Amino acid sequence: MHKKAYFWLLFFGSWFMGFSARAQDATGRKPVEMADGLRANGKIYVVIAVVVTILLGLFAYVIRLDRKISRLEKSVK
Amino acid sequence: MLRQYWWKIICVVALVYTCIEGFLGSVPALPIINETIRNLYFHVAMWFGMMILFIVSVIYSIKYLRTNNHVFDIYALEYAKGGIVFGCLGLLTGSIWAGFTWGAFWSNDPKQLGAVIALLIYFAYLVLRNSMTDMDKRARIGAVYNIFAFAMLFPTIWIIPRMVESLHPGGMGNPALDTNDIDKRMRIVFWPGAVPGWTLLGVWITTLRIRLQLVAEKKHTSEPSKKKFSHA
């Protein structure tokens, strides 16, 4: 239990460190054109929805295949 | 491992995390590369997956040579096939990425050529196996060749591309995962998400193929009068 809490602390801690690193970037170098506008409009969520849908569909397919092979293994034994 | 499911859950969670945080998370702002740096979670993970599957394959080839157990030969073959699929996807995705950042889909870069040579050597593994009809001979020569193919991965994708100038990160002695290119924000998606996720997906599909081959084997030995099953 203690170990688990330590893990999450480390996990989120490194996330926050990432945020502070980004803040430093903003003040220093010349800005580079990124697709920030797209994300600000919220459209990136559409892409994520599409990708995750495809991913879940593929997983469903592989899981069905897994079950079918398990059944086949039982029938052969 | 073959019929357990706990690692399949890890695979699903890791890949869903990669595909959400991989697009949402913030990345370093670099010129030319821009948002394509997110390809790290997909393109680079393919090569990690390929390398791990090839390592497992060569371990089973050695195991086969030590024990002469035909099952290990099936494992070695299927893991090599899984690795080849990942390698081809890595090459294709790398070519797409290069098309929009290096200016050409194919520029005969040492890294590209090395990867193609490594994959051709593995294609030859499949061709060599299918050129023999005797099962024991096929398995033994296949296992020996698989060790050679694995050894050839080191000069072709690990050493030579690092010794010569290359457009690809990792040229001229720098590690491919340079700290200037990726930082903490990306590592937290790449290491716990992309690498284990894609690798485990490859292992999952490979184990399904192994199980199918083992079932076919069992059917073949229990019904000797039926048509011989090909292991190609």
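Please read all numbers here as calculations on a predicted model, not as lab measurements.

## A word on the overall build of chain A
When helices and strands are counted, chain A shows 3 helices and 0 strands. A burial count over chain A gives 16% of its 77 residues as buried.

## Here we look at the packing of aromatic side chains
Any two aromatic rings considered together are summarised by their centre-to-centre distance and by the angle between their planes. All names here are of chain B. One pass over the structure, following the stated rule, counts 15 aromatic pairs over all chains. For the pair phenylalanine 23 and phenylalanine 42, a centre-to-centre distance of 5.9 Å together with 25° between the ring planes defines the contact as stacked. One end of the pair, phenylalanine 23, is in helix H1 (residues 6-24); the other, phenylalanine 42, is in the loop between H1 and helix H2 (43-67), with 19 residues separating them in the sequence. Assessed through its relative accessible area of 17%, phenylalanine 23 is described here as buried. Plain terms: the ring middles of phenylalanine 42 and tryptophan 198 are 6.3 Å apart, the flat faces sit at 70° to each other, and that makes the pair edge-to-face. Here tryptophan 198 lies in helix H6 (residues 184-222) and phenylalanine 42 lies in the loop between H1 and H2, a separation of 156 residues in the sequence. One aromatic cluster is present, built from ring pairs that chain together Phe23, Tyr41, Phe42 and Trp198.

## So, the interface of chain B and chain A
Listed as interface residues are 31 residues of chain B and, on the opposing side, 32 residues of chain A. In this assembly, chain B packs against chain A so that about 3,000 Å² is buried in total across both faces, 74% of it on carbon and sulfur atoms. Here chain B is connected to chain A by 4 salt bridges. Arg211(B) is paired through a salt bridge with Glu73(A); the nearest N and O atoms lie 3.1 Å apart. Where chain B touches chain A, the interface holds 6 residue pairs in polar contact (both at pLDDT 80 or more).

## Details of the confidence of the model for chain B
On average, chain B scores 89 in pLDDT, and the residues at 70 or more come to 91%. Mean pLDDT across the secondary structure elements of chain B bottoms out at H6(B), with 92, and peaks at H2(B), with 97.

## Remarks on unusual backbone geometry
Residue and element names in this part refer to chain B. The phi torsion at isoleucine 32 lies on the positive side, around 65°, for a residue other than glycine. Mapped onto the secondary structure, isoleucine 32 falls in the loop between H1 and H2. Since its relative accessible area comes to 61%, isoleucine 32 is described here as exposed. One non-glycine residue, asparagine 108, lies in positive phi territory at about 50°. Turning to its location among the elements, asparagine 108 is positioned in the loop between helix H3 (70-101) and helix H4 (110-130).

Definitions and limits used
Residues numbered from 1 in each chain as written. Chains lettered and ligands numbered in written order. Predicted model: local features only at pLDDT ≥ 70, side-chain atom pairs only at ≥ 80, totals over all residues. Heavy atoms only, no water. Helix = DSSP H or I, 4+ residues; strand = E, 2+ residues; numbered from the N terminus. Buried < 20%, exposed > 50% of the residue type's maximum accessible area, 1.4 Å probe, protein only. Phe/Tyr/Trp six-rings, centres within 6.5 Å; stacked < 30°, edge-to-face > 60°. Contact = heavy atoms within 4.5 Å. Buried area = accessible area lost by both parts, 1.4 Å probe. Salt bridge = Lys/Arg side-chain N within 4 Å of Asp/Glu carboxyl O. Polar contact = N/O pair within 3.5 Å; in protein donor to acceptor, adjacent residues only side chain to side chain. pLDDT = per-residue confidence, 0-100.

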